[in-house]
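A structural walkthrough
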Amino acid sequence: MTLSFVVLGLDHRHIYGMTANMLATGAKCVGYWTDGTPNTLQGFQKRFPDVPRITHLEEALSIGADLALIAAVPADRAELSLKSIRHGMDVMVDKPGCTTISQLDEIKQAVSETGRIWSINFSERFEVPSVTMASELVAAGEIGRVVHTAGLGPHRLNKAMRPDWFFDKDRYGGILIDIASHQIDQFLHFTGSTDAEITNAFVANYANPEHPGLEDFGEISLRSDQGTGTIRVDWYTPDALPSWGDGRLNLLGTEGYIELRKYVDVGGTGGTDHLIIVNGKRCEKIDSSDAGLPYFGRLSSDIRNRTETAMTQAHCFKVMELALQAQQIADEANA
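The structure reproduced in this document is the subject of the present report.

**Description of the packing of helix 4 (residues 77-86) against helix 5 (residues 101-114)**
Between two packed helices, both the angle of their axes relative to each other and the distance between the axes serve to describe the pair. Closest axis-to-axis distance for the helix 4/helix 5 pair is 10 Å, and the angle between their directions is 10°. The angle between helix 4 and helix 5 falls in the class roughly parallel. Residues Ala78, Leu82 and Ile85 of helix 4 touch helix 5, and the partners they reach there are Gln103, Glu106, Ile107, Ala110, Val111 and Thr114. Looking at the contact of helix 4 with helix 5, its residues break down into six nonpolar, two polar and one charged.

Below you can see the structure in the form of structure tokens.
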């Protein structure tokens with residue numbers, strides 16, 4: 001069975017990786033719909049010239065695809081997810097999958113009623129081979145039980161290239177919802193936690209006063225019955241860095257630690273996906289760029305077999321719930 005998918009919304013560049021990785025599994029893209037002419041439209045058409053544009057949303061929803069890929073403006077993703085689910089499709093949505101608690105509640109209800117899959121592509125885990133290798137090493141017990149994670153998510157602002165919605169908090173949701181959902185996902189995944197408590201959350205606009213709706217800095221502390229975690233996200237990546245961000249993840253285990261330098265190793269080895277592991281027998285840096293991206297193939301299998309091998313639905317919901325809670329705590333502190 002060849003899976004088919006339709007693309008709904010091109011407002012974030014993550015749609016490029018979502019589409020390319022699903023095509024790599026052997027799935028077929030039957031078309032795309034997007035509202036207007038987002039900045040990413042030309043890039044999508046260049047990368048996927050054989051994918052036809054669908055003029056009307058209802059036509060795209062009714063095309064009979066197995067899966068909808070959604071990367072519209074964050075505030076619009078929940079509504080498109082709900083429409084896709086009600087048209088019988090499973091959903092892979094760019095992070096954040098939604099921007100309000102009420103949206104998340106509606107999605108939970110729709111999933112419960114239909115049995116459809118609502119999966120968020122947490123690209124800082126699912127599109128990073130070094131995280132694949134770290135997951136394998138942790139599962140093999142190489143650093144014992146993970147009791148702490150420290151996730152850094154710096155991003156380049158590219159202010160002049162950003163659309164208006166990027167600076168409207170009601171449209172993008174806030175920095176902890178938009179970016180830190182990645183690091184919350186990784187905390188739950190690597191500590192094996194099914195729930196957590198936000199113990200501290202903070203947001204600020206330190207460097208962009210001309211855009212009062214933008215949050216350019218955020219941090220979270222959280223804990224579960226398995227461990228604790230710290231998160232820092234920002235829009236401060238300097239122009240000299242040869243990547244959009246020096247994203248890092250540190251995993252502290254009871255018998256060792258792992259550090260991931262995901263996108264760049266400043267002053268060190270070239271390329272991406274640098275994994276450092278130190279335990280009782282090993283102290284080395286590993287090139288993990290060929291470790292693979294199993295999420296997309298696993299999701300394809302889940303769609304066919306109605307399983308949860310890519311990510312459990314409960315985990316997906318919990319990540320967004322915690323991100324929304326963290327944003328609310330930070331907003332109330334700043335009120």
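**Some thoughts on the packing of aromatic side chains**
Inspection of every chain in the model, using the stated rule, returns 13 aromatic pairs. A centroid spacing of 6.3 Å and a plane angle of 65° characterise the contact between Phe202 and Phe217, whose relative ring orientation is edge-to-face. In this pair, Phe202 is assigned in strand 7 (residues 197-204) and Phe217 in strand 8 (residues 217-223), connecting sequence segments 15 residues apart. When its relative accessible area of 27% is taken as the criterion, Phe202 is described as partly exposed. Each ring, one from Tyr295 and one from Phe296, has its centre 5.0 Å from the other, and the planes form 80°; the classification is edge-to-face. Both residues of the pair, Tyr295 and Phe296, count as buried. An aromatic cluster of three or more residues is present, and its members are Trp165, Phe166, Phe167, Tyr172 and Trp235. It is Arg47 that lies over the ring of Tyr16; its NZ or CZ is 3.9 Å from the centre.

**So, the sheet that holds strand 2 (residues 28-33)**
Within a sheet, adjacent strands bond to each other through the backbone by hydrogen bonds, running parallel or antiparallel. Read across the sheet, five strands follow the order 2-1-3-4-5 without closing on themselves; strand pairing throughout is parallel. Two strands lie at the open edges of the sheet, namely strand 2 and strand 5 (118-121), each paired on one side alone. For this sheet the average axis-to-axis angle between neighbouring strands, irrespective of direction, equals 20°. Relative to strand 2, strand 1 (residues 4-8) runs parallel, the two sharing five bridges. Paired with Phe5 across the two strands is Cys29, which belongs to strand 2. Across the face of the sheet, helix 4 comes into contact with strand 1, strand 2, strand 3 (67-70), strand 4 (90-94) and strand 5 while running at roughly 165° to strand 4.

**Side note on the environment of Glu59**
Relative to the helices and strands, Glu59 resides in helix 3 (residues 57-61). Among the residues examined, Glu59 registers a relative accessible area of 46% and is labelled partly exposed. Linking Glu59 and Ala291, residues 232 residues apart in sequence, is a C-alpha distance of 38 Å.

**A short note on the nonpolar core**
With 86 residues, the main nonpolar core has Trp118 and Leu176 as its most contacted residues. Looking at this core element by element, the count peaks at nine residues for helix 12 (residues 313-334). Judged by nonpolar contacts, the second largest core, of 17 residues, contains Val128, Ala134, Ile258 and Tyr263.

**Some details on the packing of helix 10 (residues 181-191) against helix 12**
Closest axis-to-axis distance for the helix 10/helix 12 pair is 9 Å, and the angle between their directions is 130°. It follows that helix 10 is oblique to helix 12 by the angle criterion. Note on packing geometry: the crossing formed by helix 10 with helix 12 is right-handed. Mapping the contact onto sequence places Ser181, Ile184, Asp185, Leu188 and His189 in helix 10 and His315, Lys318, Val319, Met320, Leu322 and Ala323 in helix 12. Along the lines of polarity and charge, the residues of the contact of helix 10 with helix 12 split into six nonpolar, three polar and two charged.

**Notes on the sheet that holds strand 8**
Overall, mixed pairing links the eight strands, which are arranged 7-8-9-6-10-11-12-13 in an open sheet. Edge positions in the open sheet fall to strand 7 and strand 13 (283-287), since each of these has one partner strand only. Strand-to-strand twist in this sheet, taken as the mean axis angle between neighbours without regard to direction, amounts to 10°. Both strand 7 and strand 8 contribute to a ladder of seven bridges, which runs antiparallel. Within strand 8, the position partnered with Ala201 by the bridge is Ile220. Across the face of the sheet, helix 7 (residues 129-139) comes into contact with strand 6 (146-154), strand 10 (248-253), strand 11 (256-261), strand 12 (274-279) and strand 13 while running at roughly 170° to strand 11. Along the sheet face, helix 10 touches strand 6, strand 8, strand 9 (228-234) and strand 10 and points at about 160° away from the line of strand 6.

**Regarding helix 11 (residues 294-305)**
In this model, helix 11 (12 residues) spans 16 Å end to end at C-alpha, consistent with the 16 Å of a helix rising 1.5 Å per residue. On its buried side, helix 11 packs onto helix 1 (14-24), strand 3, strand 4, strand 5 and helix 6 (123-126).

**Here we look at the environment of Val30**
Tracing the backbone shows Val30 in strand 2. On the basis of relative accessibility, which here comes to 24%, the residue Val30 falls in the partly exposed class. Those residues in contact with Val30 that sit more than four places away from it in its chain are Ser4, Phe5, Val6, Pro52, Ile54, Ile63 and Ala65.

Analysis parameters
- Numbers given for residues are sequential positions, taken from 1 along each chain in its written order.
- Reporting in this predicted model follows two pLDDT cut-offs: at least 70 for local features of residues, and 80 or more for side-chain atom pairs to be given and counted; totals over whole chains, interfaces and linings ignore these cut-offs and use all residues.
- Side-chain numbers here rest on the full set of heavy atoms in the structure, without hydrogens or water.
- Fitted lines through C-alpha atoms serve as axes, helices being fitted only where they are in contact, and the angles separating the N-to-C directions of these axes extend from 0 to 180 degrees.
- Each helix is a run of DSSP H or I of at least 4 residues and each strand a run of E of at least 2, with the numbering of both proceeding from the N terminus.
- Every angle not falling under 35 degrees, over 145, or within 65 to 115 is termed oblique; those three ranges are roughly parallel, roughly antiparallel and roughly perpendicular.
- Only heavy atoms enter the contact rule, under which two residues are in contact if any of them lie within 4.5 Å.
- Ten residue types, Ala, Val, Leu, Ile, Met, Phe, Trp, Tyr, Cys and Pro, are classed as nonpolar, four, Asp, Glu, Lys and Arg, as charged, and the remainder, Gly among them, as polar.
- Two aromatic rings, drawn from Phe, Tyr or Trp (for Trp, its six-membered ring), form a pair once their centres lie within 6.5 Å of each other, and the interplanar angle then sorts them: stacked below 30 degrees, edge-to-face above 60, tilted otherwise.
- Burial classes: relative accessible area under 20% of the type maximum marks a residue as buried, over 50% as exposed, and values in between as partly exposed (1.4 Å probe, protein chains only).
- Each ring is checked for a lysine NZ or an arginine CZ that lies within 6 Å of its centre and within 35 degrees of its normal; such an atom marks a charge sitting over the ring.
- Pairing between strands is defined by DSSP: at least two bridges between them are needed.
- Joining through side-chain atoms within 4.5 Å is the link that ties buried Ala, Val, Leu, Ile, Met, Phe, Trp, Tyr and Cys residues into a set, and such a set is a nonpolar core.
- By convention, the crossing between two helices is left-handed when the near helix turns anticlockwise from the far helix through less than a right angle, and right-handed when the turn is clockwise.
- Here the expected span of a helix is defined as 1.5 Å times the quantity of residues minus one.

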